[in-house]
Amino acid sequence: MALPAATLRSLRHRNYRLWAAADLVSVTGTWMQVLGVNWLILSATGSATSVGVSLVLQALPTLVLGMWGGSLADRLPSRPVVLAAQIAQGALALVLALIAMGEPRSMLPVYAVMLVSGVVSALGGPALGRFGAEVVPPEDLPNAMALGSVISSGARILGMSAAGILLPITGIGTLFLINAASFLAVIGAVVAMRRDEMHVLARASSTADLGVGQGVRYVLRTPWLLVLLGLALVLGSLGRNYQVTMAAMSAGPLAAGSAGYGVLSTVFAVGTVIGGVVAAGRARLTVRLLLGAALLASAVQLLSGLAPGFLSFAALMLPVAASAVVLDTAVAARAQLDSPDHMRGRVIAVLGVVSAASGAVGGPLLGWLSDNFGPRLALQLGGSVTVVATVLAAVLFARIAGVRFGDAVREPFRRASLRRADVVPEQV
């Protein structure tokens, strides 16, 4: 069945078509490298903890430097920053290839590359997000974000599958070489884009609008954004680290082993594609949709802890994954579209910091709960907390909007001027 034209409306724009094609190639290469790095470290050290160290090294720079990357994105034109970041990441992938082909005895060089790669992502990521928002008009940005989720999910499946096939045939180094080449697709797409068809966002121009401190102050004095970020943090910590809980359920109560875990991961990936298509088909990603997706994901997560067998648990992973993508896309859309253009880079950076913090806190916490109390209780407890957090967020949004909670559930929030600190996003 063909998708409705509205679902693909961002593809009307030539610049977005270039961006989407480059994204597919680049994300595929990225996931090939992820598998390659994990296997390189695991085969050399025999330690899963060592693999975890590399993940921490990549995430840590975002927590420390993310807001500086956002400030940089709001100061400078996006195009040169994006090009510089892509060139740097491509060069780092080449360095990894050389390290892998040299059969390293120590993982320190690999860790160093992961750390530098994290720094590049922290400083260049907000500019990349800001540039992605400039390839389509504002009214099509939610659709572009949703299609981006579909592309990322598909590229993840493609990248992991291709890496699994190539790894025993060509060796680890080839995976890194392919990833290095994939950055050429992004560089080529950015260079080929028509400047007169870009929807350039206003940059911070005055001293009062510049700097990390100003971005932090904007977030702290904007109640609706604080509620949005708080909800994203709680759900990201206890309701997003499904790789941990799915692995624990496969190894424990479901007795499905590694094969079952692979099936669950595939089902989850299919769910993310479904969620991306659903989000792309929406004319607007409203806060009402955001809260509905959060409530559905949380409630189904709670129920998954009660699933009696493998098939029922796998079936519940589909709506959980789909709802999670709709939620994440709506959070990003509302945070960006309802914030001033000259703050866009710093808002994107804050979202990145929240995401990194969610992984750093939630993964170990859910792992500890699963080890000590069982994965079923971990899922039930996480789902219960996220249900409460969603209801609390809805109440707070209603109070900020100045309407009764019941009215807020049934009706749109009143639109306020973006100049006010108590502005609420477009529609609940």
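Residues numbered from 1 in each chain as written. Predicted model: local features only at pLDDT ≥ 70, side-chain atom pairs only at ≥ 80, totals over all residues. Heavy atoms only, no water.

S.K.: Looking at this structure, I do not really get a nonpolar patch on the surface. What am I missing?
M.R.: A cluster of nonpolar side chains, Val361, Leu365, Trp368, Phe373 and Leu377, forms an exposed patch at the surface whose accessible area comes to about 490 Å². The dominant element in the nonpolar patch, judged by the number of residues it contributes, is helix 13 (residues 344-373), at four residues. Among the residues examined, leucine 365 registers a relative accessible area of 34% and is labelled partly exposed. (Patch = residues over 30% accessible without salt bridge, like charges linked within 9 Å, V, L, I, M, F, W, Y side chains within 5 Å. Areas by Shrake-Rupley, 256 points an atom, 1.4 Å probe, with all protein chains shown as cover. Salt bridge = Lys/Arg side-chain N within 4 Å of Asp/Glu carboxyl O. Helix = DSSP H or I, 4+ residues; strand = E, 2+ residues; numbered from the N terminus. Buried < 20%, exposed > 50% of the residue type's maximum accessible area, 1.4 Å probe, protein only.)

S.K.: Help me understand helix 13 in this model?
M.R.: In an α-helix there are 3.6 residues to a turn, and that puts residues three or four apart on one side. Given a rise of 1.5 Å per residue, 30 residues ought to cover 44 Å, and the 42 Å separating the end C-alpha atoms of helix 13 matches this to within 8%. Of the residues one or two after helix 13, glycine 374 is the one with positive phi, at around 95°. (Expected span 1.5 Å × (residues − 1).)

S.K.: Please clarify how helix 1 (residues 14-45) should be interpreted in this entry.
M.R.: With 32 residues, helix 1 ought to run about 46 Å at 1.5 Å a step, and its terminal C-alpha atoms sit 47 Å apart, in line with that. Remark: glycine 46 follows helix 1 within two positions and exhibits a positive phi of approximately 70°.

S.K.: Even after reading the chapter, I still don't get the pattern of salt bridges, so can you show me in this structure?
M.R.: Pairing between side chains of opposite charge can happen when the charged atoms of each approach one another. In the structure shown here, the tally under the stated rule is seven salt bridges. Arginine 12 is the partner of aspartate 140 in a salt bridge, and the nearest nitrogen-oxygen pair spans 2.8 Å. Note that aspartate 140 is positioned in the loop between helix 4 (108-134) and helix 5 (141-170) and arginine 12 in the segment before helix 1, a separation of 128 residues in sequence. Look at aspartate 140 and you get buried, because its relative accessible area is 3%. For arginine 12, a relative accessible area of 57% puts it in the exposed group. A salt bridge links aspartate 74 to arginine 130; the nearest nitrogen and oxygen atoms lie 2.9 Å apart. Here aspartate 74, found in helix 2 (residues 48-75), pairs with arginine 130, found in helix 4; they are 56 residues apart in sequence, far enough to count as distant. When its relative accessible area of 0% is taken as the criterion, arginine 130 is described as buried. Taken together, the salt bridges that share partners define one network made up of Arg9, Arg12 and Asp140.

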